[in-house]
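Chain residues, written in single-letter form:
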Amino acid sequence: MLPAGVLLLLFLTYPLGLGTWLGFTDAKIGRPGEWVGIENYQFLWGDEVTRLALFNTLFYTIVASVLKFFLGLWLAILLNERIPFKSFFRAAILLPYIVPTALSAIAFWWMFDAQFSVISWVLTRMGLIHQYIDFLGDPWNARFSVIAANVWRGVPFVAITLLAGLQTISPSLYEAAAIDGATGWHRFYYVTLPLLTPIIAVVMTFSVLFTFTDFQLIYVITRGGPLNATHLMATLSFQRGISGGALGEGAAIAIAMVPFLLAAIMFSYFGLQRRAWQQGTEDK
């Protein structure tokens, strides 16, 4: 355990401790700074841009996570059935997830471009719209655009993980339910969903963590614009701490994300507890 412990200490514990310390100082790039207590957090609480970034982060995380869950569950159930070329589709669905994030973000940036958008081009040729859509220039259009990019990239992870969970459910349970007269919906609600709940708890915890701390997609596609409409806590922390040079302020924004991440981890913990109960075991 010693090598793993050293790695965790160097790459997790030390940066977290240093970030916590910097959050209580007025450190700038080039000078260590002095202790200012909770002054950074008081400033951020009253900062309009920070409050907007918090709203954006919560909205982005909730909407994207819900869409990824339902689309991923639907794909998992579909790929668990006997369909032609099932192995090919299972491999193909992983492509959005294995493509480098920056590369996929650039592709979406081109798709959402105000002048060269392929989406707007297709819609105009079909006669559905008469002028190009300003995907990244309008605040709400930009929010939904980056959510679409995140969903496209995150659905494969949810789908493949839930598919693995579906394959652990014994077919005899479905046969017994069918003999008892259960419909397809009843089999899903009373057999599939309860047995899949522990897997859902874990996969959605990771999905929420990855979405809440997302940085690359936002930074490449919008850099937080327009008018800070797509700034997340992660991108704002980078802008204030690195680009703006206010290390203390940037660290305070990053540390403010920790309570939300802990809440997601606790969600996973209770999901694992339920799994232990289903298997007839108890944590000691």
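All of these numbers come straight from a predicted model, not from anything done at the bench.

S.K.: Would you explain helix 8 (residues 139-166) in this entry?
M.R.: In an α-helix, one full turn covers 3.6 residues, which means residues spaced three or four apart are oriented alike. The terminal C-alpha atoms of helix 8 lie 39 Å apart, and with 28 residues this matches the ideal 40 Å at 1.5 Å per residue to within 8%. Approximately 35 degrees is the largest bend angle found in helix 8, and it occurs at G154, with the proline P156 only one to four residues beyond. If you check the start of helix 8, you find a side-chain oxygen 3.2 Å away from the backbone N of W140, and it comes from D138.

S.K.: Can you help me understand the environment of I38 in this one?
M.R.: On the secondary structure map, I38 appears in the loop between helix 1 (2-23) and helix 2 (39-46). With relative accessibility at 49%, the residue I38 sits in the partly exposed group. Taking the C-alpha atoms as reference points, I38 and G23, separated by 15 residues in sequence, lie 8.1 Å from one another.

S.K.: Would you mind going over the pattern of salt bridges with me for this structure?
M.R.: Close approach of charged atoms allows side chains with opposite charge to pair. Counting across every chain of the model gives 3 salt bridges. The partner of R240 in a salt bridge is D47, and the shortest N-O contact between them spans 2.8 Å. Of this pair, R240 sits in helix 12 (residues 233-243) while D47 sits in the loop between helix 2 and helix 3 (48-79), placing them 193 residues apart in sequence. Given the relative accessible area of 16%, R240 is considered buried. Classification of D47 as buried rests on a relative accessible area of 13%. Shared partners join several salt bridges into a network, and the residues in it are D47, R240 and E249.

About the cut-offs
- Residues numbered from 1 in each chain as written.
- Predicted model: local features only at pLDDT ≥ 70, side-chain atom pairs only at ≥ 80, totals over all residues.
- Heavy atoms only, no water.
- Helix = DSSP H or I, 4+ residues; strand = E, 2+ residues; numbered from the N terminus.
- Expected span 1.5 Å × (residues − 1).
- Bend = angle between axes of the 7 residues up to and from the residue.
- Polar contact = N/O pair within 3.5 Å; in protein donor to acceptor, adjacent residues only side chain to side chain.
- Buried < 20%, exposed > 50% of the residue type's maximum accessible area, 1.4 Å probe, protein only.
- Salt bridge = Lys/Arg side-chain N within 4 Å of Asp/Glu carboxyl O.

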